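# Coordinate analysis (summary)
Here is how the chains run, residue by residue.
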Amino acid sequence: MQFYEWPHPEAFLRWNIALHVINALLVFWLTVLVARRMGETAKRQVTIGFCVAFTWAALPLLNSSVLFIVQRMALLASTFVLAGLVAYMKCRGALRASSLRQLAALGVLGSFGVLALLAKESGALIVIYALILELGLLVIAKERRPTLAAVALLLATIGLIAGLTPHALWHACTELTRGFDVVQRLGSQGALLPVYLKGLFLPRAADLNPFRFEFLLSDMPNLQWGIAVWVVLMVSPLVAWWRGWRLAALALAWFFLGHIMESGWVNLEPYFAHRNYQPALGLVFALVYGAFAIREGAKLWFGVLVAYMILLAGSTWMNTSLWGNRSLAGEIWSMEQPRSVRAILNLAYDVERTQGAGQAQVLLDRFVAEERDSVGLRLQGLITACTLEPGTDHSEKLRAVKKSIATLPYEGWTPDLVEKLMEAVRKQDCKGVPTDEVAELASAFLNRPAYQCNRAIVHNMLWVIGLVAMEHGDTQTAMGFYLKGLQESPTYAMASFYLDMATQEGDKAAIEELGTLLKKAPAPRGVTQAEWQELRARVQERLSSFPSTDEASKQGSASGNTVKP
């Protein structure tokens, strides 16, 4: 969507905001349908629906779901989930509707679920939310006998949880790159969920920092105790149900089961706050409906609720205004999270824009010295130094980078900077940093098991090493590195370059190896199937230009039988 408007973020943000408004309207519609089932009057249905939708849309912690452009997927998945739940409630009919009608409602729900799942993996949670709604219908009707829809949704939920369970056993490479073992990962859930609850309903300005969760878990001691907290929180809906607090139990289930795809459990990207976008709805409904359910002093409690809604809206307005002031936001976020690499990089980009690369590098150097060491920041410092002061000896900075690669934690974005450093030193000589040393940095990354786990990183580092071999005139060695890189992660550009090199060298065996590799490899991301097929055809065309084995042997025999004068 909107690929033609890149790189203009304003257009993307406008659509993200529009989707958030659409989602709020769907929340209003869904709440009205639920309130109608609960026997509320038409006026109270609308009032409750408005309060739930407004409160949910104004939750400051959800701002990052809208303002991070990449979270378009979360917004779009939520649109389909909410639309599917609304459609399900509309099609569902009476509690004891015919089996055919219940199956039709489930079919409609499934269609929207597929669309939500195509937008983001969290779309699969639609079955859990639909099960909670179905159980709510049973509670409202004060019936215990399950419906056909409830049984079907329960089985789907069990299937979803069973399908997610194997994901708790991460591959060794995943644990290496994330830096958590299984106990720390599962314990992180007990640490995060209370933080989410606090940030959702009683937020401070620092709770809304988009970089807050970057090192929250790695800097938190005794994470193993979080497992017990997590178990208690996940069991709390069952305890509430057993005590007879049925609607409270369903609200808790909506929130806590909505987090079963948390990144400490399933191997997802660890940008945490946006995972509350759908789960928060259950607790917001419980909060608003609970305020309306109080009969004694009803006007007072309604006034308290309205005041709370205004406070939330004001907090959201101030927070989003801060996002719009890039320079001020960078300073405040880095002060609130002084040990966040992402926060300091965000500030450094703005300082570079306003004060130049030199001042930005002073900022990063001070961060590395005083707050948190980082391979990426040290490497970026070396690139800046070679760009601004190529005549100064930077061998000491180079040694510091090598040491940091060997000792500091994995940073997946860092190896990309090796290519930028190579580009900088090839453009102009950098004293103390020859291209051979850049190749040594690439080798240092390849010596770390965590970086070996990322095939794209291995591919890029082998490309850098091969480039240096080419500079030394060792074409065969360079081609060997390029082929290894293609075997790790084939790309169109590298394969095309390798084909041209092999053709120029007249190396038929190398072209044959490339052809075999491309035949098995799927088209890389960003390359169409037609382009990939065209490259394969070019390989075959180059091979056909070489004489066959029989022809080559005949030519050899003919030349051998020729009598020289």
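What this report covers is the structure whose coordinates are included nearby. (Residues numbered from 1 in each chain as written. Predicted model: local features only at pLDDT ≥ 70, side-chain atom pairs only at ≥ 80, totals over all residues. Heavy atoms only, no water.)

All chains considered together, the criterion is met by 15 salt bridges. Between D373 and R378 there is a salt bridge whose closest N-O contact spans 2.8 Å. Residue class for R378 comes out partly exposed when judged on its relative accessible area of 29%. Close ionic contact of E396 with R399 constitutes a salt bridge, the shortest N to O distance being 2.6 Å. With E396 and R399 both in helix α18 (residues 395-407), this residue pair falls three residues apart, about one helical turn. Since its relative accessible area comes to 53%, E396 is described here as exposed. A residue is classified by how much of its surface remains accessible, and R399, at 48% relative accessible area, is partly exposed. Each of K198, R204, D207 and R212 takes part in salt bridges that share partners, so that together they form one network. (Salt bridge = Lys/Arg side-chain N within 4 Å of Asp/Glu carboxyl O. Buried < 20%, exposed > 50% of the residue type's maximum accessible area, 1.4 Å probe, protein only. Helix = DSSP H or I, 4+ residues; strand = E, 2+ residues; numbered from the N terminus.)

Along the chain, the position of T55 falls in helix α2 (residues 42-57). Excluding residues that lie within four positions of it along the chain, T55 makes contacts with V284, V288, M309 and L312. (Contact = heavy atoms within 4.5 Å.)

By volume, the second largest pocket is sized at about 730 Å³. Together, 29 residues line the second largest pocket, and I161, P237, L238, A253 and L257 are the ones closest to its centre. Those elements that provide at least two residues to the lining of the second largest pocket are α6 (126-141), α7 (148-164), α10 (226-242) and α11 (246-257). (1 Å grid on protein atoms, 1.4 Å probe; cavity = no way out; pocket = protein on both sides within 12 Å on 5 of 7 lines; lining within 4 Å. Points joined across faces, edges and corners; volume = space filled by probe spheres on them.)

Right, let's get into helix α16 (residues 357-370). For α16, with 14 residues, the first-to-last C-alpha span of 20 Å sits near the 20 Å given by 1.5 Å per residue. The secondary structure elements touched by the buried residues of α16 are α15 (341-355) and α17 (375-388). (Expected span 1.5 Å × (residues − 1).)

So, about the packing of helix α1 (residues 9-37) against helix α4 (residues 72-92). Direction vectors running N to C along α1 and α4 enclose 25°, while the axes themselves pass 9 Å from each other. Regarding the angle of α1 to α4, the classification is roughly parallel. Both α1 and α4 take part in a crossing whose hand is left-handed. (Axes fitted to C-alpha atoms, helices over the stretch in contact; angles between N-to-C directions. Parallel < 35°, antiparallel > 145°, perpendicular 65-115°, else oblique. Left-handed = near helix turned anticlockwise from the far one by under 90°.)

The periodicity of an α-helix, 3.6 residues per turn, causes residues three or four positions apart to be oriented the same way. Look at α6: 23 Å from first C-alpha to last across 16 residues, which is about the 22 Å you get at 1.5 Å a residue. The element α6 is extensively covered by neighbouring structure, given that 13 of its 16 residues are classed as buried. Trailing α6 by a residue or two, K142 shows a phi angle of about 55°, which is positive.

A word on the packing of aromatic side chains. Summed over all chains, the structure comprises twelve aromatic pairs. Between F68 and W323 the ring centres are 5.3 Å apart and the planes differ by 75°, which places this aromatic pair in the edge-to-face class. Pair noted here: F68 is in the loop between α3 (63-67) and α4 and W323 is in helix α13 (residues 298-324), with a separation of 255 residues, a long-range link. Arranged with centres 5.5 Å apart and planes meeting at 75°, the rings of Y482 and F497 form a pair that is edge-to-face. Of this pair, Y482 sits in helix α23 (residues 475-488) while F497 sits in helix α24 (residues 492-505), and the two are 15 residues apart along the sequence. (Phe/Tyr/Trp six-rings, centres within 6.5 Å; stacked < 30°, edge-to-face > 60°.)

Attention shifts here to unusual backbone geometry. Its identity is not glycine, yet K142 carries a phi of approximately 55°, on the positive side. Mapped onto the secondary structure, K142 falls in the loop between α6 and α7.

The subject of this paragraph is the environment of W463. With respect to the secondary-structure elements, W463 resides in helix α22 (residues 455-471). Overall, W463 belongs to the partly exposed group, its relative accessible area being 27%. It is 48 Å that separates the C-alpha atoms of W463 and Y129, two residues lying 334 residues apart in sequence. In this view, W463 contacts E419, Y482 and M494; residues no more than four positions away in its chain are not counted.

Once that is clear, we can look at a nonpolar patch on the surface. On the surface, a nonpolar cluster with roughly 530 Å² of combined accessible area is contributed by V231, V235, L238, V239 and W242. As for its position among the elements, V239 is in helix α10. Classification of V239 by relative accessible area gives partly exposed; the value is 41%. (Patch = residues over 30% accessible without salt bridge, like charges linked within 9 Å, V, L, I, M, F, W, Y side chains within 5 Å. Areas by Shrake-Rupley, 256 points an atom, 1.4 Å probe, with all protein chains shown as cover.)

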